[in-house]
Amino acid sequence: MATISPSGTWTSPISAADAAAAGGGAQWLAAVGGTLWWAEARPREGGRVALVRELPGGDTEDVLPSPWNVRNRVHEYGGRPWLTVGDVVVFTHWADQRVYALKGGEVSALTPEPATPQGVRYGDLRPGLDGEVWAVRERSTGPQRTDISRELVAIPLDGGAERVLVGGHRFFTAPQLSPDGAHAAWLAWDHPAMPWDGTELFVAPVAGDGSFGEARVLAGGPDIAVCQLEWETPDQVLVLADPDGWWNLHRVGLDGAVTNLAPVQRELGGPLWKLGSGWFTPLGAGRYAVLDAGRLAVLDENDGSVTPVDTELTVWGPGGLVATPDGIAGIAGGSRRESAVVVLDPADGSVREVTPQPAELPPPEYLPVPHERVFTAAGGAEVPAYVYPPANPDFAAPEGELPPYLVHVHGGPTGRSTGSLDLDIAYFTSRGIGVVAVNYGGSTGYGRAFRERLREQWGVVDVRDCATVAEALVAEGTADGARLAIRGGSAGGFTAAGSITTTRTYAAATVMFPLLDFTGWVGETHDFESQYLVSLVGPYPAEAERYRERSPMTHVGSLAGPVLFLQGLEDEICPPEQADRFVAAISGVPHAYLRFEGEQHGFRKASTIVTALEAELSFYGQVFGFATPDVPRLELTR
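The structure displayed is predicted, hence computed values, not measured ones. (Residues numbered from 1 in each chain as written. Predicted model: local features only at pLDDT ≥ 70, side-chain atom pairs only at ≥ 80, totals over all residues. Heavy atoms only, no water.)

Draft legend 1. Up close: the nonpolar core. Residues Trp186 and Phe565 are the most contacted members of the largest nonpolar core, which totals 119 residues. Residues Val435, Ala508, Met512 and Ala612 belong to the second largest nonpolar core, which totals 40 residues. (Core = buried A, V, L, I, M, F, W, Y, C linked by side-chain atoms within 4.5 Å. Buried < 20%, exposed > 50% of the residue type's maximum accessible area, 1.4 Å probe, protein only.)

Draft legend 2. View of the packing of aromatic side chains. Evaluated as defined, the whole model comprises 31 aromatic pairs. Between Trp458 and Phe494, the aromatic rings sit 4.3 Å apart at their centres with planes inclined by 45 degrees, giving tilted as the arrangement. Pair noted here: Trp458 is in the loop between helix H3 (448-451) and helix H4 (461-475) and Phe494 is in helix H5 (residues 491-502), with a separation of 36 residues, a long-range link. Residue Trp458 is classed as buried on the basis of its relative accessible area of 3%. Measuring from centroid to centroid gives 5.2 Å for Phe513 and Phe603, while their planes differ by 80 degrees, and the two rings are edge-to-face. Taken together, the residues span a long stretch of sequence, with Phe513 in the loop between strand E37 (508-512) and helix H6 (518-524) and Phe603 in the loop between strand E39 (591-596) and helix H10 (606-624) at a distance of 90 residues. The class of Phe603 is buried, set by a relative accessible area of 16%. Members of the aromatic cluster, joined through ring pairs, are Tyr77, Phe171, Trp189, Trp196, Trp273, Phe528 and Tyr532. In this structure, Arg431 packs its charged tip against the face of Tyr427, placed 4.0 Å from the ring centre. Positioned above the aromatic ring of Phe450 is the side chain of Arg453, whose terminal nitrogen or guanidinium carbon lies 5.4 Å from the ring centre. (Phe/Tyr/Trp six-rings, centres within 6.5 Å; stacked < 30°, edge-to-face > 60°. Helix = DSSP H or I, 4+ residues; strand = E, 2+ residues; numbered from the N terminus. Lys NZ or Arg CZ within 6 Å of the ring centre and 35° of its normal.)

Draft legend 3. Spotlight on the pairing of strand E16 (residues 200-205). Across six bridges, the pairing between strand E15 (residues 183-189) and E16 is antiparallel. Paired with Trp186 across the strands is Phe202, a residue of E16. In this structure, E16 lies alongside strand E17 (residues 216-220), joined through four bridges in antiparallel fashion. When the sheet's bridge partners are listed, Phe202 is paired in E17 with Val217. (Pairing = 2+ DSSP bridges.)

Draft legend 4. Representation of the layout of surface pockets within the structure. Computed from the structure, the second largest pocket encloses a volume of approximately 870 Å³. Leu29, Ala30, Arg80, Arg126 and Glu230 are, among the 38 residues lining the second largest pocket, the residues nearest its centre. Secondary structure elements with two or more residues in the lining of the second largest pocket: strand E2 (25-32), strand E6 (82-85), strand E10 (120-127), strand E14 (171-177), strand E18 (226-233), strand E22 (280-284) and strand E27 (322-324). When its residues are assigned to classes, the lining of the second largest pocket shows 24 nonpolar, 10 polar and four charged. (1 Å grid on protein atoms, 1.4 Å probe; cavity = no way out; pocket = protein on both sides within 12 Å on 5 of 7 lines; lining within 4 Å. Points joined across faces, edges and corners; volume = space filled by probe spheres on them. Nonpolar A, V, L, I, M, F, W, Y, C, P; charged D, E, K, R; others polar.)

Draft legend 5. View of empty space enclosed by the protein. In total, this model carries three cavities of 30 Å³ or more according to the counting rule given. Reported here for the largest cavity is a volume of approximately 130 Å³. Every residue lining the largest cavity is counted, 13 residues in all, and those nearest its centre are Trp196, Asp197, Arg451, Arg455 and Leu536. Of all the elements in the fold, those that place two or more residues in the lining of the largest cavity are H3 and helix H7 (532-536). Sort the elements by how many residues they give to the lining of the largest cavity and H7 lands first, with three residues. For the lining of the largest cavity, the per-class residue count stands at five nonpolar, three polar and five charged. As a volume, the second largest cavity reaches approximately 60 Å³. Forming the boundary of the second largest cavity are 13 residues, of which Gly412, Ser490, Ala491, Trp521 and Glu529 lie nearest the centre. Within the lining of the second largest cavity, the residues separate by chemical class into nine nonpolar, three polar and one charged.

Draft legend 6. Looking closely at the sheet that holds strand E7 (residues 88-92). The strand order E6-E7-E8-E9 describes an open sheet built from four strands, whose pairing is antiparallel. With partners counted over all chains shown, the strands left at the sheet margins are E6 and strand E9 (106-109), one partner each. Averaged over all pairs of adjacent strands, the angle between strand axes in this sheet comes to 25 degrees, irrespective of strand direction. With four bridges joining them, strand E8 (residues 99-103) and E9 adopt antiparallel strand pairing. Across the sheet, the residue bridging to Tyr100 is Ala109, located in E9. (Axes fitted to C-alpha atoms, helices over the stretch in contact; angles between N-to-C directions.)

Draft legend 7. Region of interest: H5. Taking 1.5 Å of rise per residue, the 12 residues of H5 would be expected to cover 16 Å, and the 16 Å separating its terminal C-alpha atoms lies within 8% of that figure. Counting buried positions over the 12 residues of H5 gives 11, a clear majority of the element. All of the buried residues in H5 are Ala491, Gly492, Gly493, Phe494, Thr495, Ala496, Ala497, Gly498, Ser499, Ile500 and Thr501. (Expected span 1.5 Å × (residues − 1).)

Everything listed here is a matter of coordinates, which is why it stays silent on function.
In structure tokens, the structure reads:
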């Protein structure tokens, strides 16, 4: 029989350390000689990203020992950090951002040490001509974060001088050589566009000396985003593009002919936050594995169909789909399965786990299964959301008590919540605190029109949509209207701060590594997002008043309740100066501010994740009036 206890006080087998242990995971999967390799984030090793491969018999081994950290800072979010060329492993190392080669057990640098530490960065490593690797090179050219130049370069494997392949644009990705070596293709775009706004697919002949001839545009444009390309034949390229408002798979010929292989109003691509991401792979005979808003599906160009694969693995990452002899390999998870490397047979849905589920994963009855719902905002706009009710078989709330709820806001804002297992969320739901993850207007997975609901409306549509969902849960008797909080990191931190300062829906907010001052952020953030606000808010300085009015910093004196700030001190995307200024201006409202040495944008160290989660639970307990004796008490300042 369940013990009756107030929401928030339930004893849970899910600790903050469990959530921290699950905070890593696989990324950048590929096949090497028929064997699966991937990068793997490890919070328990200080956030190091290891390079791992599968061994015969199912075991795995690290290709590179500590302290090698296979990660890079291109665009600050990073890009494809490793590949193999013959018997050489080429990778980027986080500490200095240089490119290295592993051959015969020895590691050597392929790129020179920059004059300024991490002043030259490389990402999206691809095979090039014989004896070289192609990559995006990003160089700091001055003291400001936006003093940046980028080119596509060729890096010789013998340690010789790299050479520039092409320049002339602000951003590049996906340099790829055609199967016959006669042409190269790549994507490029310029400020103020983000890659999901508009990109161009370029192609150029490759000369005998490896230089590129005159480039021309094959696809894309100011209002068409190409997010992935792969050569199919020497004269045809497969691309994911959205000329009709949805990322669909197209075949583009060098003669300019374009064919949509399966016209559907479904999102088969995604936002290029990390260079080198991929959402499809050919399976042969006109069939392709694709990700349909993150769910695995098979596209068949013979009949124009896109058929979902029936599997409990409902969320597949864009870190690599691989066709293997026994199925489709990828990085996938579900509502009760951690994201892991798997191989799925699409014929019968059977799954082989390459990386096992964590031994410390809690029993499934303590893990919440989200309800995928759609709410209606003012004006009739639809707002998708995942509702995670409290879940703990050992406890129940007193009769008549409604649980507190946390509105979780995803980052981006061009991003989405997926409904996959998240032990951060389970940490709260297993203690009697409900969570709802809102895909507000501007989220991906619902087509360009939904994404562009946020155009010049950031700080309005997102705040309104989150409040709509929260208030609907109260109205239907699911959540306690007096105990609502909002939480989010990065862009989600902005929406959380904007919500607690401009609405009275919430009693508290947790704001993690946020953007808080639009005008200041324009000069403080990194180059990739430095003009993101042109589409999200409007051109500056023409809309200077809008920038001021939408900034949570402007409304710091209107806080509706206590706030908890969590910030990494090495954050180049949302610098700590923003949170510093906001917290310094708070007066008379309980608050706390935790700053973490050695953390960038998002937390990667197990110790940080534990401290942050336990602080958040203590914070809600103090605000909502329930005891939290199992975690250190967070000291609040007025």
